[in-house]
Amino acid sequence: MARLADYFVVVGYDLDKRVEGEGQGRILQRFPEKDWEDSPFPQGIELFCQPSGWQLVPERQPASFFVAVLTDINSERHYCACFTFWECLDNPQLQKAEASEVDEVDEELTIQPPQVFAPKSLVLVSQVDYTEVFRNCLGLIYTVHVDGRSVPLETVIGNLLTCVIPIAGGSQIDESPVCSLDKVPQALACDWLLACLQRTITLGAGDRQVIQTPINDSLPVSGSSVAQLFRQLGIVNVLYLFCAALTEHKILFLSSSYQRLTDACRGLLAIMFPLKYSFTYVPILPGKLLEVLSTPTPFIIGVNSFFRSETQELLDVIIADLDGGTVTIPECVHISLLPEPLLQLTQTLLSMALDPELEVADHAFPPLSTQPSALKIQDKEIRAVFLWLFARLFQGYRWCLHIIRIHPEPVICFYKAAFLGQRALSEDDFLMKVLDGMAFASFVSERGPPYRATDLFDDLVANEFERIQQEEACPHKVMNHVKELAEQLFKNENPYPAVTMHKVQRPSESSQSTMQNQMPFPVLDEVAVQLFIDHAAAKLKTAPPVVKAELKSMVPSGPPLGDIVDRNGSMIANSARRLEVVRNCITYIFENKMLEAKKLMPAVLRALKGRAARVCLTQELNQHVLQNRAVLDDQQFDYIVRMMNCTLQDCSHMDEYGIAAALLPLVTAFCRKLGAGVTQFAYSCVQEHMVWTNMQFWEAMFYSDVQNHIRALYLETEDEEQQNNLQDGSGGGREISALELASEQSRLWPTLSKEMQAERVQKEESTVFSQAIHYANRMSYLLLPLDTSKNRLLRSSGLGDVESVSNSYVTNSIAGSMAESYDTESGFEDAESSDVANSVVRFINRFVDKVCNESGVTNEHLKALHTMIPDIVQMHIETLDAVHRESKRLPPIQKPKLLRPTLLAGEELVMDGMRVHLIPDGREEATGLMGGPPLLPAEGAIFLTTYRIIFKGTPTDPLVGEQVVTRSFPIASLTKEKRLSVTLPMDQFVQEGLQLRSCTFQLMKIAFDEEVASDLAEVFRKHVHKLRYPQHVQGTFAFTVGQSGKMVVEHKTKDKNQSLKTLSKNLVKSAKRTIGRQYVTRKKYSPPTWENRSSFQSELDEDEISVSEEVDQSSLTLSSTIRSSDRQTMGNVVERACCRDYQRLGLGTLSNSLTRSKNEPFRISTLNRMYTICRSYPGLLIVPQSIPDATIQRICRGYRQNRFPVVCWRNSRTKAVLLRSAGLHAKGVVGFFKSPNAPAAVPSQADSSSLEQEKYLQAIISSMPSYCESSGRNTLSGFTSTHMNTSDSSDKLRQPKIGALMKQVMGTKEDVPGTFSRGALGQRAKVISLSQPKVSGKARNPPRGKWGSIRGTGRLSAYNPDVGTRLAGKESPQPNGGPSEALFLRQQKAYLYIIGDKGQLKGGKQDSFQQWEVVPIEVCDVRQVKNSFKKLMKACVPSSLTSDPNMSFLRCLEESEWMALLHRVLQVSVLVVELLDTGSSVMVSLEDGWDVTTQVVSLVQLLSDPYYRTFDGFRLLVEKEWLSFGHRFSHRGAQTLGSQSSGFTPVFLQFLDCVHQIHLQFPMEFEFSQYYLKFLAYHYVSNRFRTFLLDSDYERIELGVLYEEKGERKSPQVCKSVWDYIDRLNKKTPVFYNYMFSPEDEEVLRPYTFISNLKVWDFYTEETLSEGPSFDWELRGRQEHVTEETPEKPDTSGPKSQRRIVWPCYDNLNKVVPNAITKLLQDLQSLEAELGQTSEKWKDTWDKIKTTQKTETKLESKPSFSSSLLMSSNLSHQRRSQGVYLQESGVGSSINLALDCEASATSTPVAGRPSTSTLYSQFQSTESENRSFEGILYKKGALLKPWKPRWFVLDKTKHQLRYYESRQDKECKGVIELADVESVTPGTPAMGAPKNVEEKAFFDLKTTKRVYNFCAQDCMNAQLWMDSIQSCLSDA
């Protein structure tokens, strides 16, 4: 029972304490005077009576009523009901004072005597909240006073104060007697007491009230306040407030009505049920206390709108204005809302309750009864929605309660992480905050105990759960449920809604009207009131105690959460298959089937990403633990640890799924023996996870263990009886949960004796204590790192930091996210070596303090623990030291054996293998993304040798674990090296790694294994750098190979290349002194041997050049000028390739000047033999005969680097020459091109050299026969012009094509050329033709065949269009429209075209009378090539996979512009070829003359001269144009330290790519294969050979490498020249040979150059992981190892397939799938070897086969794949690009025969023909006929005539077999019509047949007229003839 009212107080205006118009209230009287013991009198009531302040007013105000709430120090709430009315003041002084105050405003109103009214409040203080009852009671007292009723006020108040009501449970008796105290005499007061148990009260003034006490007082009573709140603010706003209140924000209500403020606050609290608000709660805050609003803690406060302005500056307060219906949320406040499906559903339900009409608003016939429920009912519906919501949110919360103590009273903790994890809401902000909040903490402590009274919420959570889950999807069903709940809530508040017998007194109207002369409220008689109170108290004492039986019971827990899978269905995702994999793998590990386990491992690690698999892992591992221990061997241990790490790495620091919890006992169980008495446990290997440093995790673990132990404790004690009861009661022996057990114990507790109770308390306490010790140990296991010297764990987790482990989420998540930067305590204090121990001790101490205080451990025990912990930690550190020591000795386990690479002869290891992981880069083939098992990542070792960087290892994927992966590249080709930090997929350690990129299109991403010390990795990097950039070129592998002395020799001087520089300086100095009048000779330079290399410098420092006066040099001949000391060198120079080539081209010989014929136009000049004129040119140069050396010395100064124009090739047909030079110097000499005829008053030096230039060019032009002819002065009588005439006549045939060609090349509008390229700007190419116009008098040689058009597009624009149109014979219009003058004057081609750089030749005027013309083009400079190449490498070998469509291969390739650069070079080359072919000479004069010039000149010669397309020719071309003419290989390849900064620029590679493009288009014109080009591309950067080192012949001679190769070799096994190596290799294997080689004589190639015609070279993209690059042949043979695994048991299933899998990125295709011919040759060799014959060289075999084939003939009816077709080199004239095409890649031999019928009829060469050169030209067929097959047959004459050989031709077209006397014969001797032939059959030798011919060579042809007898050379040939004829017959 409870008192209805504790105190009655009268508060009035205090007249004495007025301060500046601010009045104060004072308590006039209070009853009872003495405080009740159970509720002290609240202070400060007077403030709350007038919250806006005590004011006097001039007019009487209506009486008001509201209830304020005060909270006392024990957080008990007191409800103060204030009834305020206004009394007239009769104090005269006060009136005056007040009047003057009032009238200060207006003086005139002071005529009447003023009346002033003061407030007076009647206050009822109570602990129960019955607003209406209070209103009625105070109203009654006021009425009694005003109306002057007869009842004394003291009686009424006395009755009020003694009224007692039941707290809850409604009324017990249905028909209750009504009793009123005024009728009952005092003596019968005890009956009144009985009546008060009921619900009707009266205060003795003729009134009667029914109080309905709620059935269950734990449910809040809300009246209609909740509905009212929703009406005022709306659904969304109230939901915001609801979430804000739950997540602890500050909420302020504003309203001008005090009662509404109270109601709103009450409503907000009501919807928070079952959570209780535990912060500041002041529904009405007096104005004087407004500073409370700036408190830092959360609150719910109501304030009168009068103070609105003062709430404006509150930054973090959510303000709800009830009158305006708004909720204002400041910017800085973030309210977490309900998790998503629930928020939406809640809003829907609320809207259905508040506005049921909404759903049917659109219906045509809305139902009639859709009115919203009455306000009180609606109120309960809304509350029911929130009740449902909480039941849904907290479902199953009881399964996450840990009961730590049962006696003396239960201590319960909530396991938050598990609760969130099982809901999959661990990321949800709202739920997280709610669970961390105070309200939830009190919810747990209040509702946690398992044995207590239950209410609606308990019932809902436990029993209605199924229903909530099923109905959730359907709001209507939920609404029905809500309505049922609402009904229960309503019933709880109004148990008897029918009984309403209120009789309330109100003041009469009359008394209200006559209030003017009303008496003030009287002073009451305290004694009378006190009597009532005392009397009631005495009665209560004597009355029997009213015990309401509290119905305690066991709280039901509801279904466990395990069954609730989050709705995303993460269970389903983890298919059973994955769990199966995990189980199998663990079984294999424990059965020691390691190989099987290894194969499953990657799949397991992938599966462990899923939660179910992780749970499965912990369960499986549990089964293998016996008596808390499982001893494993190293390999098992390693696998288990890896799986544990993988499992833990995906756990959050909260461990919401309890994975870490399940692993905790396992990490201390699994162990391995390291040595004598040293055991390593798994925990030392799984410490790197955040979860171990999270205090909350440890608490949860501790509590759950304590719970289990306490449960066990009680299960033991009551085992027997408990079991029996349970067996009978519940039938199934279900496990009793700890909560059920606790509930049972709590029930029994009061019945136990004191001793029993004490014993149980002591047992529980010691259980907790022992667990605390156990956990101190466990924590030290997981927090102390194996190597305690490293402060690894603490730094990264903020272990030592108090904040980070407090129990609030905010700081914890910060600790997680800022792990790296947390240095607070652990960083500074613990700098000593023991800092780890200290931090761990502190961490464990904090943990122990917290859990022991919560679970009531005694102080003595706590102290004992604190002394114990440092010892535990210290002890553990000592054990760890031993383990650490031993584990270091342990051989690394289960790691694959390091495979050693095979090395070349002379290649030595610089650093032995370091274990690394090769990580996949951006190439997809090896990663298994394109099918097949992933070959990468692979584990192995990286080796550094003097020549290469090699990785060799095995894939980590066990399915391909037997394969070997090799990736290597020459160190010299390294272009970029950068550090990485890599996380390996297998284990989660971040490791340091390197990314090495090579210009052989290889990329190595490696991660060093943890066993590799970081300083070793650094040493590796330094070595790589040292080897990549040696001090001097002599440090490169090509020089150091085979020298096992020092690795790299460095000169010990300050300057890097001191010796060289000195020498060069001296050379140049003396050269300058001697030029013109002296000449320079040199001693033979012999390189010092390695041993005395140190003295190298001193020798070179002496000036080695001897200078001697000489006669005029022009008269000297070669032999007379060369001193004997120099003869040998010169001999070598002569032997140098160039001279052989010049002689072949007829460009002069090295004979004596006496015998040299003067009419040769060119001579070989020895001017530069000492390299004094031009350092980068060869010693011998071709110059015009007429130009003396002295002139040349002057000319060369005009050109960059002194590279003056020299002849390098001559067209044997047109005799046009090709010259090369550098660009002109910018000043002086360019003037010679610009204004040749400018008159000069004084001939300056520039002019004179200009004249010499002109003379030089004129001499070149004069050498051309076409010039001599046309100018009429045929001075060069040495030439005849017969060749010219013949070639003209032979080309007449082609004349008609020119028009079409012109059209096609010019690209007119009607006929757009078919080839269209996407250039840099993608516009249509401007096409200009260089063909000879028909205008010219005599038709010169028009171009033969098609050629790629030249285009001008933006940046890639090639030529000045004027020049182009002029070359094409078109007139270039002048701006005014007339034809240009110059062109008008000379409509013919120039004799010499100078291809120059556009930038250099700006503004040059063309002079019409000059015989030369400048073609300005834009060249790509070296920087462009360098950048383009970088991008090309990144495109072909990307460093990482990307899904960005802008980073696709083709897009990156396009952006690199590599193809555009190739296009430009090829285009210029084709232009030059065309010009040379039409008889004009060309001088290529670009940049410094050693990059683009070299490319163009080489390509021109390759396209024009078939000789250069053979092995010898190509070698010669490279030696001449690239090596002798000084392409700067060392500089462009950045081969030494000096050139490191300039970077790698692959000019030569670009040239090889161009050759590759031409090779693709003309596969039959090259003797060498594509592999040959790749081989050169690889080795020109590899530095294995000396061929491509150094920048010029001068440098090579200086180092003595140019000619030493010819002498005796020191180490025969080491090839110093790449050419020798290729020769040797070519003798052994046909790998460089192109089987399709079948050249046409003098064929000029004109490739298409559009980008669309170019292909990406597969050299850039292919890779062979099985053996590394295939360009070092010695390594290939040694690596033959069997890759097939031998089957374990003999395979009886069936015949074994001969097939094997070929992986494109792994196997070497040429080896695995060789082309047909190579295969046959190999088979032949192996057969010969088997038979013991000496095997002949493959080339001999091939040539033999070809010669035998040549005698045979070929059939053209069907493209047949017979070998004869491939081998007979007799395909008729056609564009070879469409000919037989045998792919070099070896995927298969695809052969196309699409024949171009441009050449009408040519016949096949005969066997035994004199030479190939005559072959093509000697037989020109006159009649148009098609010879399908031809050759010699013996034919037997008619009767008795002898056999005669005849030339037979099988003509398929005319369907006849003709025969001639001989092959040359033009007249047909006879014809056999095939139509008459009946059969072809093998014959027998007849009489007189040729001797020595085998029998099968005869065959007969039977016609209708006669039988012809034939005899072929041999049986094969006969068969061919028969087949051919047969096929003709069958075709007909």
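Residues numbered from 1 in each chain as written. Predicted model: local features only at pLDDT ≥ 70, side-chain atom pairs only at ≥ 80, totals over all residues. Heavy atoms only, no water.

The helix and strand inventory of the chain stands at 66 helices and 44 strands. Across the 1932 residues in the chain, those meeting the buried criterion constitute 54%. Accessible surface, the chain: about 85,600 Å² in total, of which carbon and sulfur atoms supply 54%. (Helix = DSSP H or I, 4+ residues; strand = E, 2+ residues; numbered from the N terminus. Buried < 20%, exposed > 50% of the residue type's maximum accessible area, 1.4 Å probe, protein only. Areas by Shrake-Rupley, 256 points an atom, 1.4 Å probe, with all protein chains shown as cover.)

One open sheet holds the seven strands; their spatial order is β41-β40-β39-β38-β44-β43-β42, and the pairing between them is antiparallel. Two strands bound the open sheet, and with one partner strand each, they are β41 (1868–1873) and β42 (1877–1882). On average, adjacent strands in this sheet sit at an angle of 35 degrees to one another, irrespective of strand direction. Summarising the sheet, strand β39 (residues 1843–1851) and strand β40 (residues 1856–1860) pair through five bridges and their orientation is antiparallel. For F1848, the partnering residue across the bridge sits in β40 and is Y1859. Strands β38 (1829–1836), β39, β40, β42 and β43 (1898–1903) of the sheet are contacted by helix α66 (residues 1915–1931), whose axis makes an angle of about 155 degrees with β42. (Pairing = 2+ DSSP bridges. Axes fitted to C-alpha atoms, helices over the stretch in contact; angles between N-to-C directions. Contact = heavy atoms within 4.5 Å.)

A few words now on the environment of F41. The topology assignment puts F41 in the loop between β3 (22–31) and α1 (45–49). Sequence-wise, F41 and D6 are 35 residues apart; in three dimensions their C-alpha atoms are separated by 8.4 Å. For F41, the contacting residues outside a window of four places in its chain are Y7, V9, I27, R30 and D35.

As a further point, take the pairing of β39. Burial runs high along β39: seven of the nine residues are buried. Sheet topology note: the β38/β39 ladder contains eight bridges and is antiparallel. Of the residues in β39, the one forming a bridge with L1833 is R1846. The hairpin turn running from β39 into β40, its antiparallel successor, is four residues long, and H1855 in that turn takes a positive phi close to 60 degrees.

Read from one edge of the open sheet, five strands run β11-β12-β10-β13-β14, paired in mixed fashion. Two strands lie at the open edges of the sheet, namely β11 (280–282) and β14 (326–328), each paired on one side alone. Between one strand axis and the next, the sheet turns through 20 degrees on average, direction left out of account. Taken together, the three bridges between β11 and strand β12 (residues 299–304) define a ladder with parallel strand orientation. Residue pairing across strands places V282 opposite I301, the latter belonging to β12. Against the sheet, helix α7 (residues 235–246) touches β10 (250–255), β12, β13 (317–321) and β14, its axis set at about 140 degrees to β10.

Our focus in this paragraph is the packing of aromatic side chains. Following the criterion strictly, the structure yields 85 aromatic pairs and no others. With 4.9 Å between their ring centres and 55 degrees between their planes, F1514 and F1568 make a pair best called tilted. Separated by 54 residues along the polypeptide, F1514 in helix α54 (residues 1511–1524) and F1568 in the loop between α56 (1547–1561) and α57 (1570–1582) bring together distant segments of the chain. One exposure class covers both F1514 and F1568, and it is buried. Ring centres of F1829 and W1921 lie 5.0 Å apart, and the angle between their planes is 85 degrees; on these two criteria the pair is classed as edge-to-face. Placement of the pair is F1829 in strand β38 and W1921 in helix α66, with a sequence separation of 92 residues. For the pair shown, F1829 and W1921 are each scored as buried. For the cation-ring pair, R778 lies above Y775, with the distance from its terminal atom to the ring centre recorded as 5.2 Å. (Phe/Tyr/Trp six-rings, centres within 6.5 Å; stacked < 30°, edge-to-face > 60°. Lys NZ or Arg CZ within 6 Å of the ring centre and 35° of its normal.)

Okay, the packing of helix α11 (residues 375–393) against helix α17 (residues 475–493) next. Orientation of α11 relative to α17, taken along the N-to-C sense of each, is 120 degrees, at an axis distance of 7 Å. Comparing the axis directions of α11 and α17 gives the class oblique. Handedness of the crossing formed by α11 with α17: right-handed. Contacts between α11 and α17 involve K376, I377, K380, E381, R383, A384, V385 and W388 on the former and, on the latter, V478, H481, V482, K483, L485, A486, L489, F490 and E493. Grouping the constituent residues of the contact of α11 with α17 by class yields 10 nonpolar, one polar and six charged. (Parallel < 35°, antiparallel > 145°, perpendicular 65-115°, else oblique. Left-handed = near helix turned anticlockwise from the far one by under 90°. Nonpolar A, V, L, I, M, F, W, Y, C, P; charged D, E, K, R; others polar.)

Further remarks concern the nonpolar core. In terms of nonpolar packing, the biggest core is built from 262 residues, with F8, F253 and F394 touching the most fellow members. Here this core gets 11 residues from one element, more than from any other, and that element is helix α26 (residues 695–717). Residues L1003, V1470, V1473 and V1496 belong to the second largest nonpolar core, which totals 146 residues. (Core = buried A, V, L, I, M, F, W, Y, C linked by side-chain atoms within 4.5 Å.)

Right, let's get into the pattern of salt bridges. Pairs can form between side chains of opposite charge whenever their charged atoms are close. Inspection of every chain in the model, using the stated rule, returns 73 salt bridges. Here R452 ties to D458 by a salt bridge, and the two come within 2.8 Å at their closest N and O atoms. Residue class for D458 comes out buried when judged on its relative accessible area of 3%. Residue E759 is joined to K763 by a salt bridge in which the shortest nitrogen-to-oxygen separation is 3.5 Å. Remark: K763 and E759 occur in helix α29 (residues 754–783); sequence separation between them is four residues, near one turn of the helix. The exposure class of E759 is partly exposed, given its relative accessible area of 37%. According to the relative accessible area criterion, K763 is partly exposed, its value standing at 31%. Each of D1141, R1144, R1220, D1505, K1520 and E1521 takes part in a single network of salt bridges with overlapping partners. (Salt bridge = Lys/Arg side-chain N within 4 Å of Asp/Glu carboxyl O.)

The next thing to look at is the pairing of strand β36 (residues 1412–1417). Across the six residues that make up β36, a large majority, six, are buried. Neither face of β36 is exposed, since W1412, V1414 and P1416 on one face and E1413, V1415 and I1417 on the opposite face are all buried. Where strand β35 (residues 1392–1397) lies against β36, six bridges are found, and the strand directions are parallel. Note that in β36 the partner of L1392 across the bridge is W1412.

Right, let's get into the packing of helix α6 (residues 225–233) against helix α8 (residues 258–271). Taken N-terminus to C-terminus, the directions of α6 and α8 make an angle of 105 degrees; their axes are 8 Å apart at the nearest point. Viewed along their axes, α6 and α8 adopt a mutual orientation that is roughly perpendicular. Taken together, the residues of α8 that come into contact with α6 (itself represented by S225, V226, L229 and Q232) are R260, D263, A264, R266, G267, L268, A270 and I271. Partitioned by chemical class, the residues of the contact of α6 with α8 number six nonpolar, three polar and three charged.

Here we come to unusual backbone geometry. Residue P32 follows F31 across a cis peptide bond; omega there is -15 degrees. Inspection of the secondary structure assignment puts P32 in the loop between β3 and α1. A cis amide bond, omega 5 degrees, links L936 with the succeeding residue P937. Unlike most non-glycine residues, N1202 shows phi in positive territory, near 60 degrees. Locating N1202 in the fold gives a position in the loop between α42 (1189–1195) and β33 (1206–1210).

Here we take up helix α23 (residues 611–623). Between the first and last C-alpha of α23 there are 19 Å, a value that for 13 residues agrees with the 18 Å anticipated at 1.5 Å per step. Against α21 (576–590), α22 (594–607), α24 (634–649), α25 (659–667) and β20 (670–675) lie the buried residues of α23. (Expected span 1.5 Å × (residues − 1).)

At 3.6 residues per turn, the α-helix brings residues three or four places apart onto the same side. Over its 17 residues, helix α3 (residues 131–147) extends 24 Å from the first C-alpha to the last, a length consistent with the 24 Å expected when each residue adds 1.5 Å. Among the 17 residues that make up α3, 14 are buried, leaving the element largely enclosed by the rest of the structure. Of the residues flanking the end of α3, it is G148, one or two places downstream, whose phi is positive at about 65 degrees.

What follows covers the environment of V144. Locating V144 in the fold gives a position in helix α3. The exposure class assigned to V144 is buried, which follows from its relative accessible area of 4%. C-alpha of V144 to C-alpha of R506: the two residues are 362 residues apart in sequence and 8.9 Å apart in space.

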